[in-house]
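What follows is each chain in one-letter form.
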Amino acid sequence: ENGDSLSWENLNRAKRSLALDFARPEARELLVELARSVGNLVTNLPAKGFLAHDKVAQGRADLISVRVMGWPDGAVALDYTANAAVGYPSLTGPISDKDNPEPVNHVLPAWDLLTGAYAAFALLAAVRRREATGEGSEIRLPLSDVAIGSAANMGRLAEVLYTGRDRERLGNAVFGTIGRDFVTRDGVRVMIVAINDRQWAGLVEALGIGAEVAETEAREGARFAADDGLRFTHRATLFALIEHAVAARDHAELVASFAAHGVVHGGYQTMLEAAADPRLVGENPVFERTADNPSGFAYPAAGAFATLAGEERVTPRPAPRNGEHSEQVLAERLGLSSGEIARLIDAGVVGTARTDA
């Protein structure tokens, strides 16, 4: 209600914030000096701008720059446009639309997330290289390359070039294996997946459809027990058998049977329901309820996903207000006096956190 961003305060936990007006030459000079002082710079500003690697490195020969870009040529791209370009929206959507498909975007910014993780990985690799050689690096990481490169790494490019066509829409089914959503007798929608022979055998036994599957094998001249590809080819028939068996059972009964036979499954939840799920959030040590957020709203905050065995988790720290640490950073990193910092603030070169919230 007071205009704070919940995304901001979760994406920027445990950081310090220095606010500078980049329209002012003096502010740009301060940022360059700060980058030289730290020795590592991650930015999405243009490669030929005031943060160009060769310019900043003039005062720090071993500088490491990681530049996140849209396209390799410097053109702007966002996750949404990169996703559209690499073709994934043509694969998603209901089966009923396969004859007249309109693109269906998904809401997860997958390429943003992968690019961020890859940028951190690349930075750490460059730091290790600098430790070994003393050399700095300029790393350029285009979002579009992460998107199309990831698609290639998963075999998607090879697939369409080999077949000469796009993959058909499958709705909620999983390509190449047995996996889809089904509805129980009491109306619970469940995602069920069997990606190997053992899981398939467990699913058949858990649902008690062995006789029906055997009849199908005899009729089609196929043996599904050891061939995931055959199961996928005959998925329409097998899905019908699974659908009928699931619809005859309540969810609790199904869960018990699946647990006994090692069947991989998961119920659908809204995100609001997920937020109230003890296994995901309430009893998950990744989360700790915190009230010291800039917004003032108290809620579970996620800490580090990976942990060191035997080490206690660090409590998730709050995000800063924009400019909250301006004076501290300028004093500690650049050695500016309080009088000089005050002059920069008064001149509007440096911003500080607003105090009216």
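These numbers were taken from a predicted model, which means no experiment stands behind them. (Residues numbered from 1 in each chain as written. Predicted model: local features only at pLDDT ≥ 70, side-chain atom pairs only at ≥ 80, totals over all residues. Heavy atoms only, no water.)

**Remarks on the overall build of the chain**
Assigned secondary structure in the chain consists of 16 helices and 10 strands. The dimensions of the chain, computed from C-alpha atoms along their principal axes, are 85 × 45 × 45 Å. Looking at the chain as a whole, 34% of its 357 residues are labelled buried. A separation of at least 24 residues holds for 65% of the contacts in the chain among residues at least 6 apart in sequence. When the accessible area of the chain is evaluated, it comes to approximately 21100 Å², of which 55% is carbon and sulfur surface. Looking at charge distribution, the chain has the averaged site of its 36 positive side-chain charges lying 4 Å from that of its 48 negative ones. (Helix = DSSP H or I, 4+ residues; strand = E, 2+ residues; numbered from the N terminus. Buried < 20%, exposed > 50% of the residue type's maximum accessible area, 1.4 Å probe, protein only. Contact = heavy atoms within 4.5 Å. Areas by Shrake-Rupley, 256 points an atom, 1.4 Å probe, with all protein chains shown as cover. Lys, Arg positive; Asp, Glu negative; His and termini not counted. Charge placed at Lys NZ, Arg CZ, Asp CG, Glu CD.)

**Some details on the pattern of salt bridges**
Opposite charge on two side chains lets them pair, provided their charged atoms get close. For the coordinates displayed, the defined rule picks out 19 salt bridges. Among the ionic pairs, Glu138 bridges to Arg67, the shortest N-O distance being 3.9 Å. Of this pair, Glu138 sits in strand S4 (residues 137-142) while Arg67 is found in strand S3 (residues 64-69), placing the two residues 71 residues apart along the sequence. Among the residues examined, Glu138 registers a relative accessible area of 34% and is labelled partly exposed. The class of Arg67 is buried, set by a relative accessible area of 1%. Two residues, Arg343 and Glu340, come together in a salt bridge whose shortest N-O distance is 2.8 Å. Remark: Glu340 and Arg343 occur in helix H16 (residues 338-346); sequence separation between them is 3 residues, near one turn of the helix. According to the relative accessible area criterion, Arg343 is partly exposed, its value standing at 36%. For Glu340, a relative accessible area of 28% corresponds to the partly exposed category. In the salt-bridge network here, residues are joined through shared partners; they are Glu26, Glu340 and Arg343. (Salt bridge = Lys/Arg side-chain N within 4 Å of Asp/Glu carboxyl O.)

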